[in-house]
Amino acid sequence: MQDELSDLKRQLLATFGEAVTLKKSDDSRLEVTGILTRELVPTGPYEQVLQEITTLALTTDVKVSRGDEVISAEQRWTVERKLKGDGQMNWWSLHEAGA
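If you're wondering where the values come from, they're calculated on a predicted model, not measured in any experiment.

Peer 1: Looking at this structure, I do not really get the sheet that holds strand 3 (residues 46-59). What am I missing?
Peer 2: Hydrogen bonds between backbone groups are what pair the strands of a sheet, and the pairing can be parallel or antiparallel. With antiparallel pairing, the six strands of this closed barrel are ordered in space as 1-2-3-6-5-4. Between one strand and the next, the sheet's axes are offset by a mean angle of 50 degrees, whatever the strand orientation. Of the strand pairs in this sheet, strand 1 (residues 18-23) and strand 4 (residues 69-72) are connected by three bridges, and their pairing is antiparallel. Across the sheet, K23 pairs through a bridge with E69, a residue of strand 4.

Peer 1: Honestly, the pairing of strand 2 (residues 29-43) in this entry has me stumped. Any pointers?
Peer 2: Here is the key point about a regular strand: its side chains alternate between the two faces of the sheet. Summarising the sheet, strand 1 and strand 2 pair through six bridges and their orientation is antiparallel. Note that in strand 2 the partner of E18 across the bridge is G34. Connecting strand 1 to the antiparallel partner strand 2 that follows it, the hairpin turn spans five residues, and D27 within it adopts a positive phi of roughly 70 degrees. Here strand 2 folds back onto strand 3 in antiparallel fashion, the turn holding two residues, of which G44 has a positive phi close to 70 degrees.

Peer 1: Explain the environment of W91 here, please?
Peer 2: With respect to the secondary-structure elements, W91 resides in strand 6 (residues 89-96). Judged by its relative accessible area of 10%, W91 falls in the buried class. Measuring from C-alpha to C-alpha, the distance between W91 and A19 comes to 16 Å, with 72 residues separating the pair along the chain.

Peer 1: Whenever I open this one, the pattern of salt bridges confuses me. Can you help?
Peer 2: Using the criterion set out here, one finds two salt bridges in the structure. Between K24 and D68 there is a salt bridge whose closest N-O contact spans 3.4 Å. Placement of the pair is K24 in the loop between strand 1 and strand 2 and D68 in the loop between strand 3 and strand 4, with a sequence separation of 44 residues. The exposure classification of K24 matches that of D68, with both residues buried. The salt bridge involving E69 is made with R76; its shortest N-O contact spans 2.5 Å. Residue E69 is classed as buried on the basis of its relative accessible area of 17%. With a relative accessible area of 41%, R76 lands in the partly exposed category.

Calculation criteria
- Residues numbered from 1 in each chain as written.
- Predicted model: local features only at pLDDT ≥ 70, side-chain atom pairs only at ≥ 80, totals over all residues.
- Heavy atoms only, no water.
- Pairing = 2+ DSSP bridges.
- Helix = DSSP H or I, 4+ residues; strand = E, 2+ residues; numbered from the N terminus.
- Axes fitted to C-alpha atoms, helices over the stretch in contact; angles between N-to-C directions.
- Buried < 20%, exposed > 50% of the residue type's maximum accessible area, 1.4 Å probe, protein only.
- Salt bridge = Lys/Arg side-chain N within 4 Å of Asp/Glu carboxyl O.

The structure is reproduced here in structure tokens:
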């Protein structure tokens, strides 16, 4: 039951979530709604060393490519890679633009 509620929460946030702008490689811009999150994840073989990663969750109908730029408020990120997809949502790893 908890997994279903968690999935529903993600879908609601994607529908009513944060507005971001996708700047494609051809300089076109697309306004979309998604979920920006920051998480601490273990790095390497030791769980004591953590790294902060930024992810963006979007519905599967939004086409995203590696190198696209994500703009939200005054922050900018570059799409690094697709982390996972479940048929309704795709999660993308981001890194700060210029980093």
